[in-house]
Amino acid sequence: MKHLVLTLAIMMLPMSMMAQQRTKAKPAAKKVYVCTSGNSTKYHKTKDCRMLKTCNGEVKLVTQGQAHKMKRTQCGVCYKRTKRTKK
Ligand SMILES: [Zn+2]
């Protein structure tokens, strides 16, 4: 009986590995906007965020990963606009 369980486990293994690969294959290259001026610490979801309008530098389109490397955090204005804005 133990043998059957082992065979089953071996059969399941490559399947779970394949499933993992499939999720990994999708690149999470989400684009965000950053302001290149010195004291900016945020990245933005939309180009017309009102916080970006006050940017003295250049507005650059980068991936979210790049933004994280630049030590940027999500802008409280454009990332706040989720379903919770019910008034
Ligand atoms: Zn913003």
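Keep in mind that what you see is a predicted model, and the values were worked out from it rather than measured.

S.K.: Explain the overall build of the protein to me, using residue names and the numbers behind them.
M.R.: Across its full length, the protein holds 3 helices and 4 strands. Seen in sequence order, the protein has helices and strands lined up from the N terminus as α-β-β-α-β-α-β. The burial tally for the protein puts 15% of its 87 residues in the buried class. Long-range contacts, defined as pairs at least 24 residues apart, comprise 63% of the intrachain contacts of the protein with a sequence gap of at least 6.

S.K.: I'd like a rundown of the sheet that holds strand S4 (residues 73-74), residues and numbers included.
M.R.: Pairing between the strands of a sheet comes from backbone hydrogen bonds, and it takes one of two forms, parallel or antiparallel. Strands sit in the order S3-S1-S2-S4 across an open sheet of 4 strands; the sheet is mixed. The open sheet has two edge strands, strand S3 (59-63) and S4, and neither has a second partner.

S.K.: Can you explain the environment of Arg50? Please cite residues and give values.
M.R.: On the secondary structure map, Arg50 appears in helix H2 (residues 50-53). Residues Arg50 and Cys78, 28 residues apart in the sequence, show an inter-C-alpha distance of 8.4 Å.

S.K.: Run through unusual backbone geometry, naming residues and quoting values.
M.R.: Unlike most non-glycine residues, Lys71 shows phi in positive territory, near 65°. Among the structural elements, Lys71 can be located in the loop between helix H3 (64-69) and S4. On the basis of neighbour counts, which here come to 7 C-beta atoms within 10 Å, the residue Lys71 falls in the exposed class.

S.K.: Provide a residue-level description of the confidence of the model for the protein, including the pertinent values.
M.R.: Looking at the protein, the pLDDT average stands at 82 and 75% of residues meet or exceed 70. Per-element confidence in the protein is highest for S3, whose mean pLDDT is 97, and lowest for helix H1 (residues 2-25), whose mean pLDDT is 69.

S.K.: Break down the environment of Leu52 for me, citing the residues and quoting the values.
M.R.: By secondary structure assignment, the location of Leu52 is in helix H2. Residues within four places of Leu52 in sequence aside, it is in contact with Tyr33, Cys35, His44, Lys47 and Val59.

S.K.: Give me the lowdown on the nonpolar core, citing residues and values where you can.
M.R.: One broad trend across soluble globular proteins is that nonpolar side chains are buried collectively. Listed in full, the 10 residues of the largest apolar core are Val32, Tyr33, Val34, Cys35, Tyr43, Cys49, Leu52, Ala67, Cys75 and Cys78. In terms of residues, this core owes the most to one element, strand S1 (residues 31-35), which gives 4 residues. Tyr43 has contacts with Val32, Tyr33, Val34, Ala67, Arg72, Gln74 and Cys75, leaving out every residue within four places of it along the chain.

S.K.: So what's going on with the environment of Cys35? Residues and values would help.
M.R.: Here Cys35 lies in strand S1. Taking the C-beta count within 10 Å as the criterion, Cys35 has 24 such neighbours and is therefore assigned buried. Once residues lying within four places of it in the same chain are set aside, the contact partners of Cys35 are Ser40, Leu52, Cys55, Gly57 and Val59.

Procedures and definitions
Residues numbered from 1 in each chain as written. Predicted model: local features only at pLDDT ≥ 70, side-chain atom pairs only at ≥ 80, totals over all residues. Helix = DSSP H or I, 4+ residues; strand = E, 2+ residues; numbered from the N terminus. Buried ≥ 20, exposed ≤ 12 C-beta atoms within 10 Å, placed from the backbone. Contact = placed C-beta atoms within 7 Å. Pairing = 2+ DSSP bridges. pLDDT = per-residue confidence, 0-100. Core = buried A, V, L, I, M, F, W, Y, C linked by C-beta atoms within 7 Å.

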